[in-house]
Amino acid sequence: MTETSEFDAYDARILSALQRDGRITMAELGRQVHLSQPAVTERVCKLEAAGVVRGYGAKVDYAALGYGIRAIIRVGRAEYARVVKLIEQTPEVINAYNVTGDDSWILEIAVIDVSHLDAVVTAFCLLAETSTCIVLNAPREHAPVLPARRESIKPPIRKVTGR
């Protein structure tokens, strides 16, 4: 299973269910997707072996852990190795993306309060220009991802001109 064309409807349902609940039993997963437990176990093993399913983990509530603020830090152009080193040394960084465009990095962080936010942002300000946004809410996170299909791409909207 190396290409998304090898995915069928069962694989898509399995993948969706695993992303909703990584602790689901194979028996329950089989019931949900209408396959026997051995059949669903074999398919999950193939998804894992192909690297499609890379692991299982808990989704945590940052506020319940004492982090009152989540923020996005945009980091401008800076020496790649220095930014990577600082990211690795900063446990508050939840996600880090090296990106194209005006910024070089987009970081998601979780901090206790404004003074904690200031300390983390200041560390990155010493490397490059930054811009910070506080996350007010997240109406969509950890949405299930299914295999890409070209036929599901909608054509662009054509502009209507006066001609």
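Parameters and conventions
- Residues numbered from 1 in each chain as written.
- Predicted model: local features only at pLDDT ≥ 70, side-chain atom pairs only at ≥ 80, totals over all residues.
- Heavy atoms only, no water.
- Helix = DSSP H or I, 4+ residues; strand = E, 2+ residues; numbered from the N terminus.
- Buried < 20%, exposed > 50% of the residue type's maximum accessible area, 1.4 Å probe, protein only.
- Core = buried A, V, L, I, M, F, W, Y, C linked by side-chain atoms within 4.5 Å.
- Contact = heavy atoms within 4.5 Å.
- Polar contact = N/O pair within 3.5 Å; in protein donor to acceptor, adjacent residues only side chain to side chain.
- Phe/Tyr/Trp six-rings, centres within 6.5 Å; stacked < 30°, edge-to-face > 60°.
- Pairing = 2+ DSSP bridges.
- Axes fitted to C-alpha atoms, helices over the stretch in contact; angles between N-to-C directions.

**Remarks on unusual backbone geometry**
No. 1: With phi around 65 degrees, histidine 34 is a residue other than glycine that occupies positive phi space.
No. 2: Mapped onto the secondary structure, histidine 34 falls in the loop between helix H2 (26–33) and helix H3 (37–49).
No. 3: Given the relative accessible area of 62%, histidine 34 is considered exposed.
No. 4: In the Ramachandran plot, histidine 142 falls in the positive-phi region, its phi being about 55 degrees despite a non-glycine side chain.
No. 5: Position of histidine 142 among the secondary structure elements: in the segment after strand E4 (130–134).

**Here's the deal with the nonpolar core**
No. 1: Formed by 17 residues in total, the largest nonpolar core has its most connected members in Ile73, Val75, Ile87, Leu107, Ile109 and Phe124.
No. 2: When sequence neighbours within four positions are dropped, the list of residues in contact with leucine 107 reads Ala71, Ile72, Ile73, Val75, Ile87, Asn95, Ala96 and Phe124.
No. 3: Membership of the second largest hydrophobic core comes to 13 residues, among which are Leu15, Leu18, Leu29 and Val33.

**So, the side chain of glutamate 108**
No. 1: Mapping glutamate 108 onto the fold places it in strand E3 (residues 105–111).
No. 2: A polar contact of 2.7 Å, which involves the side chain of glutamate 108, links it to the side chain of arginine 70.
No. 3: Once you skip the residues sitting within four places of it in the chain, glutamate 108 turns out to touch Arg70, Ala71, Ile72, Glu92, Val93, Ile94, Asn95 and Glu141.

**Some words on the packing of aromatic side chains**
No. 1: Scanning the model with the defined rule gives 1 aromatic pair in all.
No. 2: Considering the side-chain rings of tyrosine 80 and tryptophan 105, the 5.5 Å spacing of their centres and the 35 degrees angle between planes classify their relative orientation as tilted. Of this pair, tyrosine 80 sits in helix H4 (residues 80–89) while tryptophan 105 sits in strand E3, placing them 25 residues apart in sequence.
No. 3: Tryptophan 105 gets classed as buried once you look at its relative accessible area, which sits at 5%.

**Topic: the pairing of strand E1 (residues 69–75)**
No. 1: Buried residues dominate E1, accounting for 5 of its 7 residues.
No. 2: When E1 meets E3, the two strands line up antiparallel, connected through 7 bridges. Bridged to valine 75 within E3 is tryptophan 105.
No. 3: Here E1 pairs with E4 via 5 bridges, running antiparallel.

**A short note on the environment of proline 147**
No. 1: With respect to the helices, strands and loops of the structure, proline 147 is situated in the segment after E4.
No. 2: With relative accessibility at 17%, the residue proline 147 sits in the buried group.
No. 3: Sequence separation between proline 147 and valine 53 is 94 residues, and the spatial gap between their C-alpha atoms is 12 Å.

**Thoughts on the sheet that holds E4**
No. 1: Strand order across the open sheet formed by 4 strands is E2-E3-E1-E4, with antiparallel pairing between neighbours. At either end of the open sheet lies a strand with only one pairing partner, and these are strand E2 (93–98) and E4. Between one strand axis and the next, the sheet turns through 15 degrees on average, direction left out of account.
No. 2: The strands touched by H4 within the sheet are E2 and E3, with E3 carrying the most contacts at an inclination of about 20 degrees.

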